[in-house]
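# Working through the structure, step by step
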Amino acid sequence: IYTLSLHDALPIWDAAVANGGGVIYFPAGTYNFNDSIQLADGVVIRGETPENKDAKSDSYQPPTKLVFPKYEPKLSGSGTPNDTAFKKITTASPDTDSNIGAVNIDINRAAIALKADIDSGTNKNIVIFGIRSNNVAEPDQGIPDLSFQEPWQRYSYRFAANIRLNAFANILVANNRVNDNITDNYDQPGYKIKARRKNSIITFEGGEVPFHYGNHYGIVVNRGKSSGFKNAATPEMEPGLFRKGIVIRDNWVYHTMRVAIHASGDGLIIKDNIVRDQRGKQWWVNPTGKKETTGAVTLENRAIDWSGWNVLVEGNDYRVYRHKIGNSKYFSTDGEGILVQECCGGSRVNGVMIRNNEGNAYIGLYKVRDIKNAKIIGNKLSSNITSTSLIYVVADTNYGSFAIEDVLVKDNVVAGSILVKGSAGGKGNIIEDNVGNNTGEISYSCSVNEVRNNRGFEVKSCS
């Protein structure tokens, strides 16, 4: 076991940088870091190759371990200072540092955050491969609200991520295992929030509001922009959402809130990933951590959220579950399997293949204007955690009617319904050879040209 500070590591880093970059190799062992660390241009950190090289295997354990400080909560006074933990692996000049990455390392308690400006950054060539990542979180900067909360209160920031990357080109995130061994969650008896309809204070004395290391994003690639994105983006509107060379494949991701894989790109590939979630979840607090939640809240329980053009989403195996809201009869307003939508970093659809995925939640081209060249083929959707059609292709938005063109929904096995709609017309749209279980229907607008050879559905007339 080795204990290293960034100061201890600087001579190694400096030597690599002075030689134009290189691989800093950590032999098998445990290396304890007491602070965040920075990569630099041309520097890759690498551990010893594991005996079992498949991160989707339950026995995947890289023998090189980087361990960062644990947050030790104190539920009194001002609590434990946040800067004692919550460390990151970053890079010195994120907008330009290229040819960097991390390979074959078990990283405990540090996020990987290589975040260029999505519009102006010129960095490229990032590889995150063979990483096992656990106990990553950020404390929400809005908590505590000292007007009514205790100074020791903490809330897990919903926009944190185990792996968050922005680059101009060429990102590979492959063969990583995320959140298979979360050990640092802790309860917060005495956590205070405001009641939903009154200005009164609710105090939770049990485990209703834990600080949870799975309540955030898993892998995020080119979906972060401080000013936010325009809706229904095109390359002219949001060039950062259409970078080339983005591949996310063969990862295993567990999460309990937000999105497991959140990515964009032109030619984006999201392939052969496994996404898992927790059954029977219950939640009591608004995403801000300050007030009682409602039945209309979204906690963004979602497997894959993609945007961009010429996208392939193939061979993924996902499970998603919604939260029961407090003691009510309601569940959170989310539960998507594979989703593109026009808001929040979403784009228009112009070329996507969604093929041979398996899951329990719907595939949605959700209210995205002017859907073109979309193929949804050979997917197996064995159950449905929402009331939304399991294949949901709708170009009409809340603001108007739009068209669909060259949409093919074919050879899917669906334990529910199929909906394809573009009220402003279209051509080349086909729904064929799908198999249902006699519990759902096929509904479509008259812009769908052919509906044929489907069985196990009630097939409606076009509208």
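Notes on the structure in this doc start here.

Cut-offs used in this document
Residues numbered from 1 in each chain as written. Predicted model: local features only at pLDDT ≥ 70, side-chain atom pairs only at ≥ 80, totals over all residues. Heavy atoms only, no water. 1 Å grid on protein atoms, 1.4 Å probe; cavity = no way out; pocket = protein on both sides within 12 Å on 5 of 7 lines; lining within 4 Å. Points joined across faces, edges and corners; volume = space filled by probe spheres on them. Helix = DSSP H or I, 4+ residues; strand = E, 2+ residues; numbered from the N terminus. Nonpolar A, V, L, I, M, F, W, Y, C, P; charged D, E, K, R; others polar. Pairing = 2+ DSSP bridges. Disulfide = S-S within 2.5 Å. Buried < 20%, exposed > 50% of the residue type's maximum accessible area, 1.4 Å probe, protein only.

## A few points about the layout of surface pockets
- Taken as a whole, the largest pocket holds about 1000 Å³ of empty space.
- Lining of the largest pocket is provided by 43 residues; of these, Phe159, Tyr217, Arg223, His262 and Cys344 occupy positions nearest its centre.
- Those elements that place two or more of their residues in the lining of the largest pocket are β10 (110–115), β13 (161–166), β18 (217–221), β25 (302–307), β29 (336–341) and β32 (362–366).
- In terms of residue count, the dominant contributor to the lining of the largest pocket is β10 (four residues).
- Counted by class, the lining of the largest pocket contains 15 nonpolar, 13 polar and 15 charged residues.
- Estimated volume of the second largest pocket: approximately 150 Å³.
- Taken together, Gln341, Glu342, Cys343, Tyr366, Lys367, Thr397, Asn398 and Tyr399 make up the lining of the second largest pocket.

## Thoughts on the pairing of strand β6 (residues 64–67)
- Relative to β6, strand β3 (residues 29–33) is paired through four bridges, and the arrangement is parallel. Bridging from a neighbouring strand, Thr30 pairs with Lys65 of β6.
- Two elements, β6 and strand β9 (residues 106–108), share three bridges in a ladder whose sense is parallel. Each bridged residue has a counterpart across the sheet, and for Lys65 the counterpart in β9 is Asp106.

## Quick word on the state of the cysteines
- Summed over all chains, the structure comprises two disulfides.
- Paired by a disulfide, Cys343 and Cys344 hold their sulfur atoms 2.3 Å apart. With the S-S bond torsion at -75 degrees, the cross-link from Cys343 to Cys344 turns out left-handed.
- Of the residues examined, Cys343 reaches a relative accessible area of 25% and is grouped as partly exposed.
- In this model Cys446 forms its disulfide with Cys462; the gap between the sulfur atoms is 2.1 Å. Here the disulfide of Cys446 and Cys462 is right-handed, its torsion about the S-S bond being about 80 degrees. Of this pair, Cys446 sits in the loop between β41 (435–444) and β42 (450–452) while Cys462 sits in the segment after β43 (455–459); the two residues are 16 residues apart in sequence, bridging distant segments of the chain.

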